[in-house]
Structure formats: C-alpha cells, structure tokens
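Chain by chain, the residues:
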Amino acid sequence: MSNQSTSVMSKPEPTKVASVKSMRIALKLIANDAASLAQAANGANGSLHANNNAFAAIKPCSLAETLGATAIPLEIDVSSLDGTSTTATNLNMSFRDYLAQAIERIEQQQTVLLSHPALPYRLLMMPAIVAAKHRCHPHAYLTGMGEGHELSDAVQQALTQAKRAHVSPTQIDATHCTSYKDKFFELIQLIGHLATRSLPTENNCENNSTNKQYWFSEMHQSRVASFNFIEAEMQHAVVFVQGTELAQASSLLDNTRLFFPTSASTVSGIQQQLTQLQSQLNAIINTNTSAAINVNHSTLLALMLNNLNQFDHQAAKAAVIMGNSIETACSEIEAMLAMLSTSYTLASSPSEVEYKTPSGSCLMLTANEPLGTNGLCFVYPGVGTVYPQMFSQLPRFFPDLYAQLERDGDVKAMLQADSIYADNAKVTDMSLGELAIAGVGASYILTKVLTEYFNVKPDFAMGYSMGEASMWASLGIWKHPHSMIEATQTSSIFTTDISGRLDCVRKAWQLNQADDIVWNSFVVRATPADIEAVLTQYPRCYLAIIQGDTCVLAGCEASCKALLKQIGKRGIAANRVTAMHTAPAMLIHREVAQFYQQALHHNEQLEQTAQIKFISAASSQPINVSSLDIATSIADTFCQPLNFTELVNNARKLGAKLFVEIGADRQTTTLIDKIARTSPTVSEPCQAIAVNAKGGDDQTALLKCIAQLISHKAPVSLTCLTQGLANLLASTLKFEVNNLQADATLAPQLEGEQS
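This structure is a prediction, so every number in the text was calculated from the model and none was measured.

Novice: Is there a simple way to explain the overall build of the chain in this structure?
Specialist: Helix and strand content of the chain: 29 helices and 22 strands. The proportion of buried residues among the 755 residues of the chain is 56%. Taking the intrachain contacts of the chain between residues at least 6 apart in sequence as the baseline, contacts between residues at least 24 apart amount to 77%. For the chain, the accessible surface area stands at approximately 32,100 Å², while carbon and sulfur atoms represent 49% of it.

Printed below as a string of structure tokens:
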C-alpha cells in the first residue's frame, strides 16, 4: 500500500478533547517496504531498519496487510507535518490532532493506517473487536488519552480513562521531539518494545538492541506505558498496553555467528565435507569486491541454512565449524583439516581425538561408543552461581518460552529480577533464599531451552548441593514448582535457621540470641585427610564439601582461619552465611524434608521423563520418583556434608559420560573435569560442558554447547536454528532487494549530479 494519502482530507478544526471512550484500539505494526528506499536515498535513520531487533522481530502478517489494504482511504499523510509532502494538506494539524482524527474514525468502526515515508513501519489502528473478529493479534492496545498543564495530571487522566488508575506505567518521554516524524518514530518504537517485551530505555535511538533488558511485569499483569509529549504548551499522555501478538524469535545464527555442522561415516568423509565447505565460503568472498565489508549476507545465510538442513544425524561422525566471519570460519576449517591430517598420517592413528577451539569449533572422534549416545547427564549447580544481567539476551531468542513462563507463574520473582537486573547489581547483597530462587529459575529456563527447543533428553540427572532441588523442579517432576518461590522467601529454613541469625548453629553451640556469630566458609586446596587430621581440635569448624582437589571449610571464621594456619593452607573466603552441609543443619532435617515434599505431576507427564535416572549425593542408587523419596533425598543432601567427588564417580559408575551443566555460569563443569582426571576408581572417558558462562554472551555459549553435543553424537534437534535462520534469510533477501531498487533509483540522480 502506498505511503501517500489515498484521499486528501478537507481541512478540519483541530479536535479539542481526545478520548477513546470505553473502547480499546488495537495496534499492529506493518512493514513499510518503501522505507528502505527513502532511507537509502537520504541516509535518515538507516540504522533503524532490519538490523534493529525491535523492528526485525516483528512478524510479517498477511492478515494485517490485507486489513491495511482494505482500510478506508484515510492513510494519513503525516509527511505534510515535516514539509516533505507534495500535497498541501492539514499543515496546521499536530501529532495529537492526527491521533484524535484516527480515533474518531475508529470509533465509527473504521480502520486507519498511519505512516511516515522515512520510517520502516506503518501503524494499523482498528477497534479491538474488529481485530478479534479477524483473529488479527495486535502488538498493543491504545486505552486512554489525557492532557493538562502538568504531566502528572495528563498521565492520571489517561490512566483513569484506561481504567488503570492504580497502575504505575513505564514512562516514555517524547517531550523532546519537535517533529511529527520523531514522535511517530518514538511511538512505533514503543509498540515494538511492547511486542518484544524489551524495556524501553532513555535512548531508544541507539542501535544496541542485543543488550535490551527484558521488560519484567508483575505476575499476570500486562505491561503498561504512558507515551508523553508536548504540543501547544500542553502536556499530553497516551496509555498503551501490551497486545496478544509476540515478536518473532531472533535467529541464534546470523552473519556474525556462523554455525556449520558436518557429518560423515568416516574421517575422510569429514575431511571432504570440510574442504567443500571451505570452497563454498571462499566463493562467497570472491564474488564481492570488498570481502570484509560487502559480503552478500543472503548468500552466506542460505549456505548456512542448507548446511543445517543437510546434516545427517545418523552419520557416525560429526564436526562443527563456528566463527564470527567467513574469514574466521575458513581459518577454523584449515586448522581442523591440519589437525586431522597430522593425526591420521601417524603410524598408529589415535583412538580418541578431542578437538575444540576458542571460537567453538569442535570434533570428537572415538573408537568407542560416543559419550552422548547413552550417557548424557544434566548437572544442576548449587547456590551462588547467578550473576548480574545473566541471560539478558535469551528472551529475544525464546520469546514464546518467556511468555509461557509468565502464564505459569511469576518470572520476575523466579529470576529475582529486582536484584539480578538492577543497575549496579551485586549478588553479594542477596540473601540465601534469593540466591536459591534465582539459581533454580536459571536452571529451569535453560532446561526448557534444551529439552523443548533442541529436544535434548538426558539419560541421567544430578545436582550439586541445592542443585538437587533445581533438578526436580526443572525436569517436570514437581507439579507446582512456581509455588515454592514465595515459600522459599518466607521459610525460616532459609531466613533464620541456616542463614541470617543461624538459629541451628546457636542451638548446636548453645548460644543465646544476643551472642554474635561470625560465620564464613573457605575454599581450600587440600585433601579431606589434611583437614580431618586436625578437625576434632576445632569443634566449631566443619568439612562441608569435598570437590576434587579442593574442599570447603565452614564455621566460626576465627576457628577456620586457625585450622588453615595449622595445616599450612590458604583458604579463599566465600563471605556467605550458610550452614548447609554442617552438623547444625541436621537439627532441621525433618523440616527440610517437609518443605521439599511436593506434589508430583500426573503419571502421563512423568512418563516423559521415565528414561532419566535421578542421582543424589545421599544414595549410591538412583532415587525413586516418589514425593517422600525425593524430599528425603534432598534433606539428606542439604544437611549432611557433600562429597561431590563421590557423587560424580558414582554417576559415572551408573553410566553417565557426558555431563552438561544446566545453570548460570560453569560452577560444576571445571570440578567434574578435574575429578574425572584424578579418579582412581573410574577409568571410563567422560567430559563436562556448560550451557552458560559468566563474562560471555548467552547466544555464543549456548551455540558452543549445542556444537559439542552434536560432536559427541547426543541426539539434538536443529529445527530451532533452521526456523530462525529461515526467517532471517527471508527478511535479509527483502532488504537486499530493496537496496538494489534504491541503487537503481539513485544511479541516474548521481549521474546528473556528476555532470
């Protein structure tokens, strides 16, 4: 549909009072195909097109396009307000007047289309009942308008009209905007944020959408924003509420995150596949005059998509090439080919080849059964692994998951968003209960990503310390895991018994409430025998955890330091108050068991996890999936000293070979690798990998994990990658076609200027 007005409206008097009465107005963004031509011609807002995720994530909607095409001839020529129109219409009308005009038509059950030729999206407006009738899901609803000499009065008036006077909306400040174009851009940007559930920032124009913070809302509450602007020396506020349409998931792969899995039945077949891929990548470079800058993105994306679709999951061997550019990918291929050439020209070819690069490329070759075939084990980390801004990128890749989590419970509380995503957040300020909740929430989300989006099904599962509770919550065993959030925040177990004022410790040490306890824990590189040799001399010290070549000593800080000095070891203070895994914790064993005795899912749901063997630090055999057995196991692990070394070795004896850490950061991954290298009782090969890593980006960490799962022959679905890539390819092709059209349009003009 054209951006120009399909009918010239007669000059009306500006509306004095804007009101949406009792109806809701549905809003839908529609791509403006001609916008890229205008941008290419004048360079205005070029960064706001497809590379801006707030816009690129808007799904194409043929139904919305049809409604827009059949709308009444009221496509308002907003360009007239900026002096860019050739038609002299409504030059005295303001942004607010145009909104009021649109609302007047909508209240007559008509459909309106607002646009600006230099912006990438048009705004389709219609009565909510019309949208529902056509099953057209809106990105947002306009529910109220207000004006006044004071902004607070305008906002309150709009909220009252929207029947949301009790709400504190997110404030969108457009008072600095003087042109219609700028106001209209801020408006469609806001609607894009509502669709992507990304929190608007003070500087929306920055093309920094990869780091957008998720827009958390209160449980079962819609997101509400007040769009504020100034006209005719009056403050105006328009209230918008999120719609039912979610943004399209961003692709995990793009031209800066390349992912090429290759498969073959033999090593020579892998070499042939890698050589062919290298030739295809070089061919893309050679078709461009400037390889580093002008690479045809659609050709590269198409190659990557074709490669993913052709990947043979049944082939005996697999390798993955990752890189942030074509040049990097070619270097990765060259290095892998060199390694294979060296390894397999030796007199005796090695039976095991484990090859990984910092970029994420990997290849695992073995004469034995691959580690991921029948030995995949999910490992859930304990308390204290969460970190500020963790998983901040995941919502844009898995919007449907976060929407489902919001329907099921309180995502904001589940991730302790007020602490984790606060400015200058410090996890050291969080209580034990808050850390526990956020840790379970992190594991829960990553479990859903792997099991529901990549169809990864573990054969085993185990947890480090309180990670055992995360295991049962995340893998669909407990029926109402969300209900435990509030219980954890209020239970004396976490607030006063083993943390806070340490009531268990006071009882064990026979102290009064007025007596001070200076509690700490220390990670020390020592053997259990080193500590146990003198432990009886320090009754207020406890060997809490054994983990490979280190131990955790907990208790009275002065006593712990004295013990460490006596054995000549240096400890690293954790500076966290928790008496888990110490003798005083046994005083509340029964209360812990009662707390974790939760209702289980129905048998039909549990059948989906029937293949999983759940391993506990409290037992040498897998735990029976019953409410009582689970609660007792968690209480035993919670209250008794934790021997993580023994847990890992026992899991390996039961058949676990490939350990995947499901949680924030990589607490257990390093520990498991160390334990595997030094274990005298288990000789079977094993490896640990992490889904997340503090300090890196979530996207790359997840892709590296998937790459390693593929190389270890763990069953993995690549549909999530191919669907996202197919969507990105479609929008990229469209963008490139528009650019070609723009070049063709500009060429004669440039020739004329040169002459």
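Novice: How should helix H28 (residues 698–711) be read in this particular structure?
Specialist: An α-helical turn contains 3.6 residues, so a residue and the one three or four places further along point in the same direction. Along its 14 residues, H28 runs 20 Å from first to last C-alpha, staying within 8% of the 20 Å computed at 1.5 Å per residue. With 12 of 14 residues buried, H28 is to be regarded as a mostly interior element. Where H28 is concerned, the buried positions are Asp698, Gln699, Ala701, Leu702, Leu703, Cys705, Ile706, Ala707, Gln708, Leu709, Ile710 and Ser711. Two residues or fewer after H28 comes Lys713, characterised by a positive phi angle close to 65°.

Novice: Could you clarify how one ought to interpret the side chain of Lys657 in this entry?
Specialist: Tracing the backbone through its elements, the reader meets Lys657 in the loop between helix H26 (644–654) and strand E21 (658–661). Not counting chain neighbours up to four residues away, the residues in contact with Lys657 comprise Glu369, Pro370, Leu371, Gly375, Pro685, Cys686 and Gln687.

Novice: Explanation requested: the side chain of Asn692 in the structure shown.
Specialist: With respect to the helices and strands, the residue Asn692 is situated in the loop between strand E22 (687–690) and H28. Side-chain polar atoms of Asn692 contact the side chain of Tyr387, separated by 2.8 Å. Looking at Asn692, its side chain comes within polar contact range of the side chain of Asp698, at 3.4 Å. With near-sequence residues (within four places) excluded, Asn692 lies in contact with Tyr387, Phe391, Leu446, Gly663, Ala664, Asp665, Arg666, Asp698 and Ala701.

Novice: Whenever I open this one, the packing of helix H8 (residues 267–286) against helix H9 (residues 297–310) confuses me. Can you help?
Specialist: Any two packed helices are characterised by how steeply their axes cross, that is the angle between the axes, and by the distance between the axes. Relative orientation of the contacting elements H8 and H9 amounts to 165°, with a least axis distance of 10 Å. With respect to H9, the axis of H8 lies roughly antiparallel. Considering only the axes of H8 and H9, their crossing is right-handed. Counting all contacts with H8, which are made through Leu277, Gln280, Leu281 and Ile284, the residues of H9 involved are Thr299, Leu300 and Leu303. Considered class by class, the residues forming the contact of H8 with H9 number 5 nonpolar, 2 polar and no charged.

Novice: Please clarify how unusual backbone geometry should be interpreted in this entry.
Specialist: If a residue is not glycine, its phi is most likely negative; likewise, a peptide bond is most likely trans. In this structure, Gln109 is a non-glycine residue whose phi angle is positive, near 65°. Inspection of the secondary structure puts Gln109 in the loop between helix H4 (95–106) and strand E3 (112–115). At Glu233, a position not held by glycine, the phi torsion is positive, near 60°. Locating Glu233 in the fold gives a position in the loop between strand E7 (224–231) and strand E8 (234–242). Residue class for Glu233 comes out exposed when judged on its relative accessible area of 75%.

Novice: In this structure, what is going on with the nonpolar core? I would like to understand it.
Specialist: With 161 residues, the main nonpolar core has Phe259, Phe454, Met462, Tyr596, Phe659 and Leu709 as its most contacted residues. Among the elements that take part in this core, helix H16 (residues 432–453) stands out by supplying 11 residues, more than any other. Residues in contact with Met462, not counting those within four places in the same chain, are Cys377, Phe378, Val379, Tyr380, Met471, Ile615, Phe644, Leu647, Val648, Ala651, Phe659 and Ile672. Within the second largest apolar cluster, 39 residues are counted, among which are Val112, Cys177, Ala195 and Val238.

Novice: Would you mind going over helix H21 (residues 528–535) with me for this structure?
Specialist: Among the residues of H21, those classed as buried are Ile531, Val534 and Leu535. One face of H21 carries all of its buried residues, which in axial projection span an arc of 115°. Turned more than 90 degrees away from the buried face of H21, the exposed residues are Ala529 and Ala533. Its buried side turned inward, H21 meets strand E15 (519–524), strand E16 (541–547), strand E17 (550–556) and helix H22 (557–567).

Novice: Could you clarify how one ought to interpret the environment of Phe259 in this entry?
Specialist: Tracing the sequence through the fold places Phe259 in strand E9 (residues 258–264). Through-space distance from the C-alpha of Phe259 to that of Ala707 is 8.3 Å; in sequence the pair is 448 residues apart. Residues within four places of Phe259 in sequence aside, it is in contact with Leu253, Met304, Asn307, Leu308, Val320, Ile321, Met322, Leu703, Ile706, Ala707, Ile710 and Leu721.

Novice: Would you mind showing me how to read the sheet that holds E16 here?
Specialist: Two pairing modes exist for strands in a sheet, parallel and antiparallel, and in both the strands are linked by backbone hydrogen bonds. Spatially, the 5 strands line up as an open sheet ordered E18-E15-E17-E16-E20, and their pairing is mixed. Strands with a single pairing partner mark the edges of an open sheet, and in this sheet they are strand E18 (571–573) and strand E20 (642–643). Two elements, E15 and E17, share 6 bridges in a ladder whose sense is antiparallel. Bridge pairing in E17 links Val524 to Cys551.

Novice: Hey, could you run me through the packing of aromatic side chains in this one?
Specialist: The relative placement of two aromatic rings is captured by the distance of their centres and the angle of their planes. Counted under the stated rule, the structure contains 19 aromatic pairs. Between Phe595 and Tyr596, the ring centres sit 4.9 Å apart and the planes meet at 85°, which makes this aromatic pair edge-to-face. Take Phe595: its relative accessible area is 13%, and that puts it in the buried class. Residue classification places Tyr596 among the buried residues on the basis of a relative accessible area of 4%.

Novice: Explain the environment of Ala526 here, please?
Specialist: By the element assignment, Ala526 lies in the loop between E15 and H21. The spatial distance from the C-alpha of Ala526 to the C-alpha of Leu564 is 9.8 Å, given a sequence separation of 38 residues.

Novice: Mind showing me how you'd approach the sheet that holds strand E10 (residues 317–323) here?
Specialist: An order of E9-E10-E12-E11 is seen for the 4 strands of this open sheet, with the pairing classed as antiparallel. On the outer flanks of this sheet lie E9 and strand E11 (352–356), each paired with one strand and no other. Direction aside, the axes of adjacent strands within the sheet are offset by 15° on average. Two elements, E10 and strand E12 (residues 362–366), share 2 bridges in a ladder whose sense is antiparallel. Counterpart to Val320 in the pairing with E12 is Cys362. With respect to the sheet, helix H10 (residues 326–343) is in contact with E9, E10, E11 and E12, its orientation differing from that of E10 by roughly 145°.

Novice: Whenever I open this one, the pattern of salt bridges confuses me. Can you help?
Specialist: Here the idea is simple: oppositely charged side chains can pair when their charged atoms come close. Inspection of every chain in the model, using the stated rule, returns 11 salt bridges. Between Asp697 and Arg257 there is a salt bridge, and its shortest N-O distance comes to 3.3 Å. Taken together, the residues Asp697 in the loop between E22 and H28 and Arg257 in the loop between E8 and E9 connect sequence positions 440 residues apart. For Asp697, a relative accessible area of 23% puts it in the partly exposed group.

Novice: Looking at this structure, how should I read the pairing of strand E4 (residues 121–127)?
Specialist: Successive residues of a regular strand alternate their side chains across the two faces of the sheet. Of all 7 residues making up E4, 7 are buried, and the element is well covered by its neighbours. Note: strand E1 (residues 25–31) against E4, 7 bridges, orientation antiparallel. Across the sheet, Ala26 pairs through a bridge with Met126, a residue of E4. Bridging between E3 and E4 involves 3 bridges; their strand directions are antiparallel. By the bridge assignment, Leu114 is partnered in E4 with Leu123. Following E3, the chain reverses through 5 residues before pairing antiparallel with E4.

Novice: Explain the confidence of the model for the chain to me, please; I cannot follow it from the model alone.
Specialist: For the chain, the mean per-residue pLDDT works out to 86, and 84% of the residues sit at or above 70. Here residues 34–54 is modelled with pLDDT under 50, and outside its nearest four sequence neighbours on either side it reaches 49 contacts, counting other chains as well.

What counts and what doesn't
- Residues numbered from 1 in each chain as written.
- Predicted model: local features only at pLDDT ≥ 70, side-chain atom pairs only at ≥ 80, totals over all residues.
- Heavy atoms only, no water.
- Helix = DSSP H or I, 4+ residues; strand = E, 2+ residues; numbered from the N terminus.
- Buried < 20%, exposed > 50% of the residue type's maximum accessible area, 1.4 Å probe, protein only.
- Contact = heavy atoms within 4.5 Å.
- Areas by Shrake-Rupley, 256 points an atom, 1.4 Å probe, with all protein chains shown as cover.
- Expected span 1.5 Å × (residues − 1).
- Polar contact = N/O pair within 3.5 Å; in protein donor to acceptor, adjacent residues only side chain to side chain.
- Axes fitted to C-alpha atoms, helices over the stretch in contact; angles between N-to-C directions.
- Parallel < 35°, antiparallel > 145°, perpendicular 65-115°, else oblique.
- Left-handed = near helix turned anticlockwise from the far one by under 90°.
- Nonpolar A, V, L, I, M, F, W, Y, C, P; charged D, E, K, R; others polar.
- Core = buried A, V, L, I, M, F, W, Y, C linked by side-chain atoms within 4.5 Å.
- Arc of directions from axis to C-beta.
- Pairing = 2+ DSSP bridges.
- Phe/Tyr/Trp six-rings, centres within 6.5 Å; stacked < 30°, edge-to-face > 60°.
- Salt bridge = Lys/Arg side-chain N within 4 Å of Asp/Glu carboxyl O.
- pLDDT = per-residue confidence, 0-100.

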